[in-house]
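Descriptive analysis of the structure
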Amino acid sequence: MQPVQGRIRFAMALSALATLCQFVVLGALAWMVRALIEAPGTPDHGPWPGLALAAAGTVLFLVLRITAFNQSHYAAFRLETILRTRVAEHAARVSMGEVQRLGSGALAKVMQDDVNALHVFVADSTPLFARAAVAPLASLALMFALDRRLALAALGVVLLGLAVLSLAMRDRTEMVRQYNEAREQVSAAVVEFVQAMPVVRTFDTGQSTFGRYQRALDSYLGVLVRWYAGAAFSARFGMAAMSALPTLTVLLALGGWLFQAGTLDFATWLAVLLLGAGVAEAMLPLMTLMHLVDKTMLSVRRIQQVLELPVLPQPSAAQAREPADASVRFEQVSFSYGADAAEPALSDVSFHAAPGTVTALVGPSGAGKTTVARLIPRFWDVNAGRVLVGGVDVRDMDADTLMRHVAFVFQDTFLFASSIADNIRLGLPEATMDEVIAAATAAQAHEFISALPRGYDTPAGERGVFLSGGQRQRITIARAILQNRPILVLDEATAFADPENEAALVQALSALMCGKTVLMVAHRLATIRDADQILVFDRGRLTESGTHEALLAGRGVYARLWAGFERAQHWTLHTTLQTKAPA
């Protein structure tokens, strides 16, 4: 970050020097006028030296100004790269719980919009700030050097304008906060309205959703009206006083009186007029830039909020341990999703999954099954107890070691917009094409991939939009097969499969599970009948465990779930046709 700060300071210094060059040009013009007045037609005292100085000052001004903006843009590009890299690296070390709490949309906005706002500010505004700060100070300094009386008069006009503007800015901090909140609500309502368009048009033709958007707009308008009503007169009067005309009027009147009195020469009066025209107007850009500063500070705060998210602690290289085998053990594990959670997601859960066995996690919705699955690859840290992989607490392994041992197939698949081959290679970019094809074949995906227009080079589209749900799932299974990690966690991997694809998915999962320690979250109980052990969860507690037959004989929660599953297999849709007798 130091090189960026150095370039920003350098750009501002160049901009300040460019502003001073403008005063050199004004001085040269005043010199020309004095020469023409005092010795018209005299070759030795003509306007040419002043003209040459004005030309040189103009060229130097342009060179310095262009260089200043080049430097500020280079700094902005470098800052953008640094910030996006830092945010991405930090987010990768933050627990999945914190990322989900923040929301993917909010995180994307920070990485895209807020970082871009800082880029725009650094690239375009920092040189203007330097100019807006230096110009009025230099103008007043030169005016005081030329004639203190006229300088005091010009300063009095500027101070009057600032005093009146300060009345308009009395509640500025609170109004800026309300304005930004209302603006954010409008943005959120627009995004929601557009993203939910299919649902909106299907269910309420946009009335209730558009109503939320309209209320956000009304709130935004109300803030603007209140702000304008409270500051209208003082703001307009202050801006008018800060314009060039009032200052020039005062300088013309006072200067004319002093000139007639013989206490002011014309050349000095002209120089003061040229400088005075810029004193007030030089302040206006600074006032205008204040709004941009407020917007930029909001972006800075949002970036800081992301960078301040707590990261999962990692062991040092000396403390990191390697798992001894592919077993998974929970020891009195308790976990809650935040301090404000109504009840814990898991309470005092203990179980052991031996290497090479299949463990199924079942239970009603919200029972804690997915939480168990996601604690194994350490998406969150437990509040109490321990999660062990290969006899080692997952908190005592570095992230790379843990990920080399645990593969995860999500219920909600995610594919990148790149080629299908690259999606299968994710995490193993060095994998050969033969290895990719072998993994896809085992995942029952090779046939449909080969039928695509460009085969394995076919782009999957954003989030795999060009593929069906079953096809996307088989590609993610191929990805897990290629990685060949000894522990496999399946979070309802067949939840969204249609009947046509389910058989292929089951075959793919069988190939993936072969020889591995498997923990699978399942709602379709028929898929886990042959599991080595079934863990039954209810309200965050492990209530039963055993084989399918033993749990049925126990007549507990699992037996109730199985009875409901069997009833669902015989469920059919009945329709009743009502006829009306003829009159």
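Conventions adopted
- Residues numbered from 1 in each chain as written.
- Predicted model: local features only at pLDDT ≥ 70, side-chain atom pairs only at ≥ 80, totals over all residues.
- Heavy atoms only, no water.
- Helix = DSSP H or I, 4+ residues; strand = E, 2+ residues; numbered from the N terminus.
- Buried < 20%, exposed > 50% of the residue type's maximum accessible area, 1.4 Å probe, protein only.
- Contact = heavy atoms within 4.5 Å.
- Areas by Shrake-Rupley, 256 points an atom, 1.4 Å probe, with all protein chains shown as cover.
- Pairing = 2+ DSSP bridges.
- Axes fitted to C-alpha atoms, helices over the stretch in contact; angles between N-to-C directions.
- Salt bridge = Lys/Arg side-chain N within 4 Å of Asp/Glu carboxyl O.
- Expected span 1.5 Å × (residues − 1).
- Polar contact = N/O pair within 3.5 Å; in protein donor to acceptor, adjacent residues only side chain to side chain.
- Core = buried A, V, L, I, M, F, W, Y, C linked by side-chain atoms within 4.5 Å.
- pLDDT = per-residue confidence, 0-100.
- Parallel < 35°, antiparallel > 145°, perpendicular 65-115°, else oblique.
- Left-handed = near helix turned anticlockwise from the far one by under 90°.
- Nonpolar A, V, L, I, M, F, W, Y, C, P; charged D, E, K, R; others polar.
- Phe/Tyr/Trp six-rings, centres within 6.5 Å; stacked < 30°, edge-to-face > 60°.
- Arc of directions from axis to C-beta.

**Things to note about the overall build of the chain**
Along the backbone of the chain there are 19 helices and ten strands. Evaluated residue by residue, the chain yields a buried proportion of 43% over its 583 residues. Residue pairs in contact within the chain that sit at least 24 positions apart in sequence constitute 77% of those at least 6 positions apart. Just so you have it, the chain exposes about 31,100 Å², and 60% of that area is on carbon and sulfur atoms.

**As for the environment of V333**
Topologically, V333 is positioned in strand β1 (residues 328-335). For V333, a relative accessible area of 0% corresponds to the buried category. Note: C-alpha distance between V333 and F351 (18 residues apart in sequence) is 9.6 Å. Once you skip the residues sitting within four places of it in the chain, V333 turns out to touch L346, S347, D348, V349, L375, V382, A384, G385, R386 and V387.

**A word on the sheet that holds strand β8 (residues 517-521)**
Sheet architecture is open: six strands sit in the order β6-β7-β8-β3-β9-β10, paired in mixed fashion. Two strands close off the open sheet at either side, each with one partner strand: β6 (406-409) and β10 (541-546). Looking at each pair of strands side by side, their axes are set apart by 20° on average, direction ignored. Summarising the sheet, strand β3 (residues 358-362) and β8 pair through four bridges and their orientation is parallel. Note on β8: the bridge partner recorded for V358 is V518.

**Some points on the pattern of salt bridges**
Applying the stated criterion across every chain yields a total of nine salt bridges. A salt bridge links E80 to R84; the shortest N-O distance between them is 2.4 Å. Placement of both E80 and R84 in helix α2 (residues 48-93) is noted, with a separation of four residues, approximately one turn of the helix. Take R84: its relative accessible area is 22%, and that puts it in the partly exposed class. Put simply, E322 and R404 hold a salt bridge, and the shortest N to O gap is 3.5 Å. Of this pair, E322 sits in the loop between α10 (266-307) and β1 while R404 sits in helix α12 (residues 399-405), and the two are 82 residues apart along the sequence.

**Focus: helix α16 (residues 469-483)**
With 15 residues, α16 should cover 21 Å at 1.5 Å per step; its first-to-last C-alpha distance of 22 Å lies within 8% of that length. The element α16 is extensively covered by neighbouring structure, given that 13 of its 15 residues are classed as buried. Phi turns positive one or two residues past the end of α16, at N484, with a value near 50°.

**Remarks on the sheet that holds strand β4 (residues 384-389)**
With antiparallel pairing, the four strands of this open sheet are ordered in space as β2-β1-β4-β5. Looking along the sheet, the strands with just one partner apiece sit at the ends: β2 (346-353) and β5 (392-393).

**Focus: the side chain of Q483**
With respect to the helices and strands, the residue Q483 is situated in helix α16. Among the polar contacts made by the side chain of Q483, one reaches the main-chain carbonyl oxygen of L426 at a distance of 2.9 Å. Setting aside residues up to four positions removed in sequence, Q483 forms contacts with L426, G427 and L428.

**Thoughts on the nonpolar core**
One finds I424, L490, L512, I528 and I534 to be the most contacted residues of the largest nonpolar core, which totals 45 residues. Ranked by residues supplied to this core, first place goes to α16 with six residues. Setting aside its immediate chain neighbours within four residues, I534 contacts A360, V362, I528, E544, S545, G546, T547, H548, L551 and Y558. If you look at the next biggest cluster of nonpolar residues, it comprises 33 residues, including V382, V387, V406 and F408.

**Describing the pairing of β6**
Where a strand is regular, its side chains alternate between the two sheet faces. Burial of β6 is two-sided: the residues V406 and F408 facing one way and the residues A407 and V409 facing the other way are all buried. Pairing of β6 with strand β7 (residues 487-491) involves four bridges; the strand directions are parallel. Bridge pairing in β7 links V409 to L490.

**Structural notes on the confidence of the model for the chain**
Per-residue confidence for the chain averages 79 on the pLDDT scale, and 78% of its residues sit at or above 70. The least confident element of the chain, judged by mean pLDDT, is helix α7 (residues 197-203) at 58; the most confident is β1 at 93. Confidence drops under pLDDT 50 across residues 577-583; counting only partners more than four residues distant or on other chains, this segment forms zero contacts.

**Considerations on the environment of A54**
Along the polypeptide, A54 turns up in helix α2. Taking the C-alpha atoms as reference points, A54 and L26, separated by 28 residues in sequence, lie 7.5 Å from one another.

**Observations concerning the packing of helix α14 (residues 433-442) against α16**
Close contact between α14 and α16 brings their axes to 8 Å; oriented N to C, the two are set at 125°. Considering the angle they form, α14 stands oblique to α16. Helix-helix and strand crossings are classified by hand; for α14 and α16 the assignment is right-handed. Residues E435, V436, A439, A440 and A442 of α14 form the contact with α16, whose own contacting residues are A478, I481 and L482. Among the residues forming the contact of α14 with α16, the class breakdown is seven nonpolar, no polar and one charged.

**Observations concerning the packing of aromatic side chains**
Each aromatic ring pair is described using two quantities: the centre-to-centre distance and the angle formed by the ring planes. In the structure shown here, the tally under the stated rule is ten aromatic pairs. Where F335 meets W380, the ring centres are 5.9 Å apart and the plane angle is 50°; that geometry is what we call tilted. A residue pair is termed long-range when its members are at least 10 positions apart, and F335 in strand β1 and W380 in the loop between α11 (369-375) and β4 qualify at 45 residues. Owing to a relative accessible area of 9%, W380 belongs among the buried residues under this scheme. The interplanar angle of 65° and the centroid separation of 6.5 Å between the aromatic rings of F379 and W380 together place this pair among those described as edge-to-face. The exposure classification of F379 matches that of W380, with both residues buried.

**Details of α14**
Owing to its 3.6 residues per turn, the α-helix aligns residues three or four sequence positions apart on the same side. Residues V436, A439 and A440 constitute the buried set of α14. The buried residues of α14 occupy an angular sector of 100° when projected down its axis, which confines them to one face. On its buried face, α14 sits against α13 (420-424), α15 (446-450) and α16. Trailing α14 by a residue or two, Q444 shows a phi angle of about 60°, which is positive.

**Re unusual backbone geometry**
Of note, the phi angle at D348 is positive, near 55°, even though the residue is not glycine. Mapped onto the secondary structure, D348 falls in strand β2. Residue classification places D348 among the partly exposed positions, given a relative accessible area of 47%. One non-glycine residue, R555, lies in positive phi territory at about 55°.

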